[in-house]
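A closer look at the structure
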Amino acid sequence: MDRLDALEAQSVYILREAYNRIEPLAMLWSLGKDSNVMLWLARKAFLGHVPFPVVHVDTGKKFKEMYEFRDRYAKEWGLDFVREECPPIDAVDQSLPPAARSAARKTEGLRRAIDRYGFKGLIAGIRRDEQATRAKERVFSPRGESGEWDFRDQPPEFWDQYKTDFPPGAHLRIHPLLHWTELDIWLYTHREGIPIIPLYLSKNGKRYRSLGDQDITHPVESDASTIEEIIAELQTTRTAERAGRAMDHEREDAFERLRASGYM
């Protein structure tokens, strides 16, 4: 198998393991390129049908194009779609810097979804190469009763053997894209013909590499107006993927604090 085939097979295996071992299970859908690939893989893993809810934890601040994409494909793909609204910003940790505080609304929204539906497993589309704190994750990663993550105490994972038995009150985050890179995501998107949000393509010399809330996400300079051009650009660029995310330019520990408290 080539690299994409091997990554696809590993991710499908992880998704099927999660579905076989954990109930109730749900998939988090952030609407970005990674979670769209993850959703595509889930449809492949289960013969065109996603057999668990797909949850969008909604801040109400996404780009118009993201909401249009969500509404179209939730319907076209026959998803069991769940929207969970986030609380207002004054309900989150006021000691966080502004952009991180805005992002932390998703942590509280996710906690509400877990309390409401009793999810024991949440599939998320994070990658190790995306951010230094995420590099510490496991494929099957335990979270405490309030969703907190102890990144200093993670279970070992060898030879695709995953620990799924954890104390009452805990839940698992499952990361089927953990070993993928940004370039892998775009190569696979191109190969499979996966729909994308047009904000990823260059317009007037700028495009988005990573999508979040409108007020804390900015485009980067780029002339890549097709997926082929994005792939070529990624093979030479030195610009970080999250260069347009405001919270990545705040205090050094802000993202780690978010992740430790349950951020996606």
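These remarks concern the structure in this document. (Residues numbered from 1 in each chain as written. Predicted model: local features only at pLDDT ≥ 70, side-chain atom pairs only at ≥ 80, totals over all residues. Heavy atoms only, no water.)

What follows is about the sheet that holds strand β6 (residues 171–174). Read from one edge to the other, the open sheet built from six strands follows the order β3-β2-β1-β4-β6-β5, with strand pairing classed as mixed. The sheet is open, and its two borders are formed by β3 (81–85) and β5 (140–143), each paired with just one other strand. Adjacent strand axes in the sheet meet at a mean angle of 30°, parallel and antiparallel pairs treated alike. Examined bridge by bridge, β5 and β6 share four bridges and lie antiparallel to one another. Each residue of the ladder has a partner; that of R143, found in β6, is H171. Helix-sheet contacts for helix α2 (residues 33–45) involve β1 (25–28), β2 (54–58) and β4 (121–123), and the interaxial angle to β1 is about 140°. Helix-sheet contacts for helix α5 (residues 105–117) involve β1, β2, β3, β4 and β6, and the interaxial angle to β3 is about 125°. (Pairing = 2+ DSSP bridges. Helix = DSSP H or I, 4+ residues; strand = E, 2+ residues; numbered from the N terminus. Axes fitted to C-alpha atoms, helices over the stretch in contact; angles between N-to-C directions. Contact = heavy atoms within 4.5 Å.)

Right, let's talk about the side chain of E84 for a bit. Along the chain, the position of E84 falls in strand β3. Judged by relative accessible area, which is 3%, E84 ranks as buried. Side chain to side chain, E84 and R116 meet in a polar contact 2.9 Å long. In contact with E84, other than residues within four places in its own chain, are H56, V57, D58, G109, R112, A113, R116 and Y117. (Buried < 20%, exposed > 50% of the residue type's maximum accessible area, 1.4 Å probe, protein only. Polar contact = N/O pair within 3.5 Å; in protein donor to acceptor, adjacent residues only side chain to side chain.)

Turning to the packing of helix α1 (residues 3–21) against α2, a few remarks are in order. Their axes nearest at 9 Å, the elements α1 and α2 cross at an angle of 75°. Taken as axis vectors, α1 and α2 run roughly perpendicular relative to one another. Along its contact with α1, which presents E8, S11, V12, L15 and R16, the element α2 presents M38, L41, A42, K44 and A45. Considering only residue class, the contact of α1 with α2 consists of six nonpolar, one polar and three charged. (Parallel < 35°, antiparallel > 145°, perpendicular 65-115°, else oblique. Nonpolar A, V, L, I, M, F, W, Y, C, P; charged D, E, K, R; others polar.)

Across all of its chains, the model carries eleven aromatic pairs by this definition. Taken together, a centroid distance of 6.2 Å and an interplanar angle of 70° make the contact between W40 and W77 edge-to-face. With a gap of 37 residues between them, W40 in helix α2 and W77 in the loop between α3 (64–76) and β3 connect regions that are remote in the sequence. We note that W40, like W77, is buried. Residues W186 and Y200 carry aromatic rings whose centres are separated by 5.3 Å and whose planes lie at 80° to one another, so their mutual orientation is edge-to-face. Of this pair, W186 sits in helix α6 (residues 182–192) while Y200 sits in the loop between α6 and β7 (206–207); the two residues are 14 residues apart in sequence, bridging distant segments of the chain. Accessibility classification places W186 together with Y200 in one group, the buried group. (Phe/Tyr/Trp six-rings, centres within 6.5 Å; stacked < 30°, edge-to-face > 60°.)

Okay, the nonpolar core next. Counting residues in hydrophobic clusters, the biggest one holds 53 residues, and the most contacted among them are W29, F140 and I174. Listed by contribution, the elements that provide at least two residues to this core are α1, β1, α2, α3, β6, α6 and α7 (227–234). Sorting elements by how many residues they give to this core places α2 first, with seven residues. The next biggest cluster of nonpolar side chains, apart from the first, holds eleven residues, and it includes A26, V57, V82 and F119. (Core = buried A, V, L, I, M, F, W, Y, C linked by side-chain atoms within 4.5 Å.)

Attention now moves to the pairing of β1. Covered by surrounding structure in β1 are L25 and M27 together with A26 and L28, the residues of both alternating faces. Across two bridges, the pairing between β1 and β2 is parallel. Paired with L28 across the bridge in β2 is V55.

Glancing now at α1. Within an α-helix, residues lying three or four positions from one another point in the same direction, as the helix has 3.6 residues per turn. For α1, with 19 residues, the first-to-last C-alpha span of 27 Å sits near the 27 Å given by 1.5 Å per residue. Residues of α1 that are buried: L4, L7, E8, S11, V12, I14, L15, E17 and A18. In the core, the buried residues of α1 are packed alongside β1, α2, β4, β5, β6 and α6. Its side-chain oxygen at 3.2 Å from the backbone nitrogen of L4, D2 defines the N-terminal cap of α1. (Expected span 1.5 Å × (residues − 1).)

Together, E221, D223, E228 and E229 make up a negatively charged patch on the protein surface. By secondary structure assignment, the location of E221 is in strand β8 (residues 220–221). For E221, a relative accessible area of 69% gives the class exposed. (Patch = residues over 30% accessible without salt bridge, like charges linked within 9 Å, V, L, I, M, F, W, Y side chains within 5 Å. Areas by Shrake-Rupley, 256 points an atom, 1.4 Å probe, with all protein chains shown as cover. Salt bridge = Lys/Arg side-chain N within 4 Å of Asp/Glu carboxyl O. Lys, Arg positive; Asp, Glu negative; His and termini not counted. Charge placed at Lys NZ, Arg CZ, Asp CG, Glu CD.)

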